[in-house]
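In case you want the letters, here they are:
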Amino acid sequence: MAAENVGKTWKGFTYEVGLEKIREYANAVGSSEPVHHDRDAAREAGFRDVVAPPMFVVVYSARAMGPAIFDPDVGMDFARMLHGSQEFVWGEPVCAGDAITTDVEWKDLSERDGKQFFVFESVSRNQDGAEVARGTWTNIVRGG
Amino acid sequence: MNQGDKIDELRVTPDKYVPHRYAGASGDFNPIHIDREFAQAVGLPSNILHGLWGMAQVARAAQAAAGGDPRHVKRLAVQFRGMGFPEQEIVVTGEVTSVSDGRAVIATEAAQGDNRIIRNAEAEIEVG
C-alpha cells in the first residue's frame, strides 16, 4: 500500500456514447421509458437524441476507473476487495452522440475495524465541457 | 410530495440471464456474476447480481418518483451490503425525508425477502 500516493490522478479517458449501447443498457436494467429508446420521444421531451438512464454513468466512467483500481501505486489487494458504497451526482443529461471524458482522483485512504477504505472520485464532462456526473467510489479491502 | 410520503414500491424479479445481459451492457464480466460453478468454488451459494445493477433498480424507483424524467434524478448514494441473487424478487422502497427548494430527499433501500442488499441509500430528485 502506498498512502503517499493519495491524490494521484488518471486523466482523459473519453467514451463515445452510441444509441444502441444506451438501448442495450436500458434493456439490461429495465428502464422502459421511451426517452431511453426512441429518438422521436427523446427529441419531443427536449433532448438532443436518445438519453441515457442516470446509471449509464457506470458505462462511460467505469473504464476510466480500471487503471486507478489496478494501479500498483494504489496497491489494492483485488482478491480481498469489495465495492462498499457508491455515490453519483448528475449534471447535464448524456445523449447518443456525446463524447464523455472522465478524470479520476484517489481521494482518501483510511482504516477502520481492520479494513482499508479506498475512496476515488470520478468527474465526467461532455464535449462542451459541461459536467454530466461526479462519482464517489468506495472500495473496502478486508484485512488478513 | 411531502415529508413522510412513501414512494411507489418497485418490484422486479431478475431472471437467471439478467447478470449475463448486464455484464454485456456494463462490461463487468467478473465470473462471480455469470458463472455459477465459479461462484460456488469461491464459497458463494450461487452467482450473484452485480451491485451496480441493484443500484440501477433504486435509481429507477427514484426516477419513477420524479415523474419518469431522467433530468430530475440529481443524486444517489448507496451502500452495498447483502448479496443479491437471480430469480428472487427485489423490492425497492423509499420514504421522503425532506423537501425544500424544489428538491426531495428520499431514504431508500432494496431487499430480497429479509436480505437487504442495498441499505442506507439516499436519493435526491427535483419535484414540481
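In this report, the structure presented in the accompanying data block is examined. None of the values given here were measured: they were computed from a predicted structure.

### What to know about the interface of chain B and chain A
Next up, step 1: Each side of the interface is counted separately: chain B has 25 residues, and chain A has 25 residues.
Next up, step 2: Counting residues per element, the ones that place at least two in the side of chain B that touches chain A are α1 (18-26), α4 (51-65) and β2 (73-80) of chain B.
Next up, step 3: Among the residues forming the side of chain B that touches chain A, the class breakdown is 14 nonpolar, six polar and five charged.
Next up, step 4: Summarising the sheet, strand β2 (residues 81-90) of chain A and β2(B) pair through five bridges and their orientation is antiparallel. Paired with A:F88 across the two strands is B:L76, which belongs to β2(B).

### So, the sheet that holds strand β4 (residues 115-125) of chain A
Neighbouring strands of a sheet are bound in pairs by backbone hydrogen bonds; such pairs are parallel or else antiparallel.
Next up, step 1: Spatially, ten strands are ordered β1(A)-β3(A)-β4(A)-β5(A)-β2(A)-β2(B)-β5(B)-β4(B)-β3(B)-β1(B) in an open sheet, and the strand pairing comes out antiparallel. The open sheet has two free edges, formed respectively by β1 (9-16) of chain A together with β1 (10-12) of chain B, since each of these has just one partner strand. Looking at each pair of strands side by side, their axes are set apart by 20° on average, direction ignored.
Next up, step 2: Looking at chain direction, β4(A) and strand β5 (residues 131-142) of chain A are connected through eleven bridges and run antiparallel. Among the inter-strand pairings, A:Q116 is bridged to a residue of β5(A), identified as A:V141.

### Side note on the pairing of β2(A)
Looking down a regular strand, the side chains alternate between one sheet face and the other.
Next up, step 1: Pairing geometry for β2(A) and β5(A), over nine bridges, is antiparallel. Counted as the bridge partner of A:H83 is A:N139 from β5(A).

### Overview of helix α1 (residues 19-29) of chain A
Next up, step 1: Of all the positions in α1(A), only A:I22, A:Y25, A:A26, A:A28 and A:V29 are classed as buried. Down the axis of α1(A), the buried side of the element spans an arc of 160°, and every buried residue falls inside it.
Next up, step 2: Turning to α1(A), the residues buried within the fold contact α3 (57-69) of chain A together with α1 and α4 of chain B.
Next up, step 3: One or two positions beyond α1(A), positive phi appears at A:G30, with a value near 90°.

### A few points about the environment of B:R103
All names here are of chain B.
Next up, step 1: Secondary-structure assignment places R103 in strand β4 (residues 103-112).
Next up, step 2: The exposure class of R103 is partly exposed, given the 14 C-beta atoms found within 10 Å.
Next up, step 3: Sequence separation between R103 and I125 is 22 residues; the distance between their C-alpha atoms is 5.6 Å.
Next up, step 4: Excluding anything up to four places from it in sequence, R103 contacts K74, E124 and E126.

### Re the packing of α1(A) against α1(B)
Next up, step 1: Orientation of α1(A) relative to α1(B), taken along the N-to-C sense of each, is 150°, at an axis distance of 9 Å. When the axis of α1(A) is compared with that of α1(B), the two are roughly antiparallel. Remark: the crossing between α1(A) and α1(B) carries left-handed chirality. Contact with α1(A), carried on its side by A:E24, A:Y25 and A:A28, involves B:R21, B:Y22 and B:A25 of α1(B) and no other residues of that element.
Next up, step 2: Residues belonging to the contact of α1(A) with α1(B) are distributed by class as follows: four nonpolar, no polar and two charged.

### What to know about α4(B)
All names here are of chain B.
Next up, step 1: Here α4 contains 15 residues, and its C-alpha end-to-end distance of 22 Å stays within 8% of the 21 Å for a straight helix at 1.5 Å per residue.
Next up, step 2: Of all 15 residues in α4, 14 are buried; the element is thus mostly enclosed.
Next up, step 3: Immediately beyond the C-terminal end of α4, within one or two residues, lies G67, with a positive phi of roughly 80°.

What counts, and at which threshold
- Residues numbered from 1 in each chain as written.
- Chains lettered and ligands numbered in written order.
- Predicted model: local features only at pLDDT ≥ 70, side-chain atom pairs only at ≥ 80, totals over all residues.
- Contact = placed C-beta atoms within 7 Å.
- Helix = DSSP H or I, 4+ residues; strand = E, 2+ residues; numbered from the N terminus.
- Nonpolar A, V, L, I, M, F, W, Y, C, P; charged D, E, K, R; others polar.
- Pairing = 2+ DSSP bridges.
- Axes fitted to C-alpha atoms, helices over the stretch in contact; angles between N-to-C directions.
- Buried ≥ 20, exposed ≤ 12 C-beta atoms within 10 Å, placed from the backbone.
- Arc of directions from axis to C-beta.
- Parallel < 35°, antiparallel > 145°, perpendicular 65-115°, else oblique.
- Left-handed = near helix turned anticlockwise from the far one by under 90°.
- Expected span 1.5 Å × (residues − 1).

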